[in-house]
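Coordinate analysis (summary)
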Amino acid sequence: MDIQLKRGILDICVLSALLKEDSYGYKIMKDLQSYVEISESTLYPILRRLEASSALKVYSAEHNGRLRKYYAITPEGRERIREFLEEWKGVQIMYEYIKKEMKEDE
Amino acid sequence: MNKDEFLTELERKLADYPFDETKASIEYYGEMIDDRMEDGMQEGEAVASLGRIDEIADRIKVELPLTTLVKMKTKEKTKGRRIPVWVILLLVLGFPLWGSLCLAIIAMLLSFYAAIWAVDIAFWAVCISLLAMILPGMVGFFACLFRGSVGSAFIYLGSGLACAGLGIFLFIGMRLVTKGICRGTGWCYHQIKKSLVRKEEQ
């Protein structure tokens, strides 16, 4: 898949993983693993980028005697997911068209 | 390799980069190892599953702003080395030559980029004028109808509608093209940063 495209979608995947509850790095990765291949080193820059664009907030909380960073989605982050879904309606239509034409061709 | 060794090594690789960035990365990867161990992995196993340190460091660097990358790169290159006087002298004396050459190349690249946008804008102008054709079409239609020449009236209406239709198609296409150019710009920017990071590793 086109790298630039995948980058954008991964951002939204990470934001979506925070919709239900605040989460931490390892859990986000595990939650996403059944849908998309993502490693720590991929996730890290995404989290930094999302934080920089204030799509999520970071706070530390104690866990088992150590500090763990938790990530929480912001209203801006939710807006980004909404925009993504809106934008991809068009892509979905094109996808259906391509699939249909391909089926007829086979 | 255990957790401390891993984190020290990563810190060393990022030593020249902004302190905040380095600190945040170390914290993140330390936490990842802790969480994996809590999940039942052995320390060595947890560290190994993170992948190669070089790759991890590269990923972090690519995300830094371009200006930081360039600054760090020049710092790395001149680290521990003093530039000889004759090199500085040559650089200063040669400036009229290499300076203008560099400027010319940059100007050329920029004008190429501007030209792409110019074509894009030109097509948008065509698109808007096609859409606007519906107005004279309607005016002509009613004017001719009023004067009783039904044939001319429909020619006006037809051409107005046809132009507007073409305009709508062009609008859809141009939206995609313009978006594509924006994406392409982002891609180029990312590639430039990537090439800077790669060169550093060599």
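These remarks concern the structure in this document. (Residues numbered from 1 in each chain as written. Chains lettered and ligands numbered in written order. Predicted model: local features only at pLDDT ≥ 70, side-chain atom pairs only at ≥ 80, totals over all residues. Heavy atoms only, no water.)

Some thoughts on helix H4 (residues 53-62) of chain B
Just so we agree on the cut-off: Relative accessibility decides the category of a residue: with a 1.4 Å probe and only protein chains considered, values under 20% of the type maximum give buried, values over 50% give exposed, and everything between is partly exposed. Put simply, DSSP H or I for four residues or longer makes a helix, DSSP E for two residues or longer makes a strand, and each gets a number counted from the N terminus.
Here H4 of chain B lies mainly inside the structure; seven of its 10 residues are buried. What H4 of chain B keeps buried is the set Ile 53, Ile 56, Ala 57, Asp 58, Ile 60, Lys 61 and Val 62 of chain B.

Remarks on a nonpolar patch on the surface
Residue and element names in this part refer to chain B. What counts here: Each patch is built from residues that are more than 30% exposed by relative accessible area and take part in no salt bridge. Like charges join if they lie within 9 Å; nonpolar side chains (Val, Leu, Ile, Met, Phe, Trp, Tyr) join within 5 Å. The accessible surface values rely on the Shrake-Rupley method and a 1.4 Å probe; as for residues, cover is taken only from the protein chains in view. Salt bridges are counted wherever a side-chain nitrogen of Lys or Arg sits within 4 Å of a carboxyl oxygen of Asp or Glu.
A surface patch of nonpolar side chains, amounting to about 490 Å² of accessible area, comprises Leu 131, Ile 168, Phe 169, Phe 171 and Ile 172. When residues in the nonpolar patch are grouped by element, the largest group, four residues, is from helix H9 (residues 150-201). On the secondary structure map, Ile 168 appears in helix H9.

Topic: the side chain of Asp 120 of chain B
All names here are of chain B. Note the cut-off: The sign given to each residue is positive for Lys and Arg and negative for Asp and Glu; His and the chain ends receive no count. Residue contacts are counted whenever heavy atoms from the two residues lie within 4.5 Å of one another.
Here Asp 120 is to be found in helix H7 (residues 95-132). Look at Asp 120: it is buried, it has no salt bridge, and the nearest opposite charge is Arg 175 at 11 Å. In this structure Asp 120 touches Met 174, Val 177, Thr 178 and Ile 181, once residues within four positions along its chain are discounted.

What to know about the packing of helix H3 (residues 40-52) of chain A against H4 of chain B
So the rule is basically this: Here an angle of 0 to 180 degrees is reported between the N-to-C directions of two axes, which are lines fitted to C-alpha atoms, with helices fitted over the stretch in contact. Between 65 and 115 degrees an angle is taken as roughly perpendicular, under 35 as roughly parallel, over 145 as roughly antiparallel, and anywhere else as oblique. Crossings are classed by handedness, with left-handed meaning an anticlockwise turn of the near helix from the far one by less than a right angle and right-handed meaning a clockwise turn.
At a closest axis distance of 10 Å, the pairing of H3 of chain A and H4 of chain B adopts a crossing angle of 20°. Between H3 of chain A and H4 of chain B, the angle is such that the two are roughly parallel. Considering how the two elements wind past one another, H3 of chain A and H4 of chain B form a crossing that is right-handed. Between H3 of chain A, through Ser 41, Thr 42, Tyr 44 and Pro 45 of chain A, and H4 of chain B, the contact on the second element is made entirely by Ile 56, Arg 59 and Ile 60 of chain B.

A word on helix H4 (residues 75-105) of chain A
All names here are of chain A. Cut-off, in case you're wondering: By this rule the span expected of a helix is its residue count minus one, scaled by 1.5 Å. A residue's bend is the angle separating two fitted axes: one through the seven residues that end there, the other through the seven that start there.
With 31 residues, H4 extends 45 Å from end C-alpha to end C-alpha; this agrees with the ideal 45 Å at 1.5 Å per step. Of all bends in H4, the biggest is about 30°, found at Lys 89. The complete set of buried residues in H4 reads Gly 77, Ile 81 and Phe 84.

What to know about the pattern of salt bridges
The full count for this structure, using the stated rule, is 23 salt bridges over all chains. Linking Arg 48 of chain A and Glu 21 of chain B is a salt bridge whose minimum nitrogen-to-oxygen distance equals 2.9 Å. Here the residue Arg 48 of chain A occupies a position in helix H3, and Glu 21 of chain B occupies one in helix H2 (residues 19-38), the pair thus bridging two chains. Accessibility expressed as a relative area gives 25% for Arg 48 of chain A, which makes it partly exposed. Two residues, Glu 86 of chain A and Lys 89 of chain A, come together in a salt bridge whose shortest N-O distance is 3.3 Å. With Glu 86 of chain A and Lys 89 of chain A both in helix H4 and three residues apart, this pair spans about one turn of that helix. Taking relative accessible area as the criterion, Lys 89 of chain A reaches 48% and is therefore assigned partly exposed.

Some thoughts on the packing of aromatic side chains
What counts here: Pairing of aromatic rings covers Phe, Tyr and Trp, the last counted by its six-membered ring, and requires centre-to-centre distances within 6.5 Å; plane angles under 30 degrees mean stacked, over 60 mean edge-to-face, and any other angle means tilted. Charge over a ring is defined by NZ of Lys or CZ of Arg lying within 6 Å of the ring centre and within 35 degrees of the ring normal.
For the structure shown, the criterion picks out 11 aromatic pairs over all chains. Summarising the aromatic geometry, the rings of Tyr 59 of chain A and Tyr 70 of chain A are spaced 5.8 Å apart at their centres and angled 20° between planes, so their arrangement reads as stacked. Placement of the pair is Tyr 59 of chain A in strand E1 (residues 56-63) and Tyr 70 of chain A in strand E2 (residues 66-73), with a sequence separation of 11 residues. Using a relative accessible area of 36% as the deciding quantity, one classes Tyr 59 of chain A as partly exposed. A relative accessible area of 15% means that Tyr 70 of chain A is categorised as buried. Taken together, the ring pairs in this structure connect Tyr 44 of chain A together with Phe 6, Tyr 28 and Tyr 29 of chain B into an aromatic cluster. Over the ring of Tyr 24 of chain A we find Arg 68 of chain A; its NZ or CZ atom is 3.5 Å from the centre of that ring.

Notes on the environment of Asp 4 of chain B
Inspection of the secondary structure puts Asp 4 of chain B in helix H1 (residues 3-13). C-alpha of Asp 4 of chain B to C-alpha of Val 47 of chain B: the two residues are 43 residues apart in sequence and 9.8 Å apart in space.

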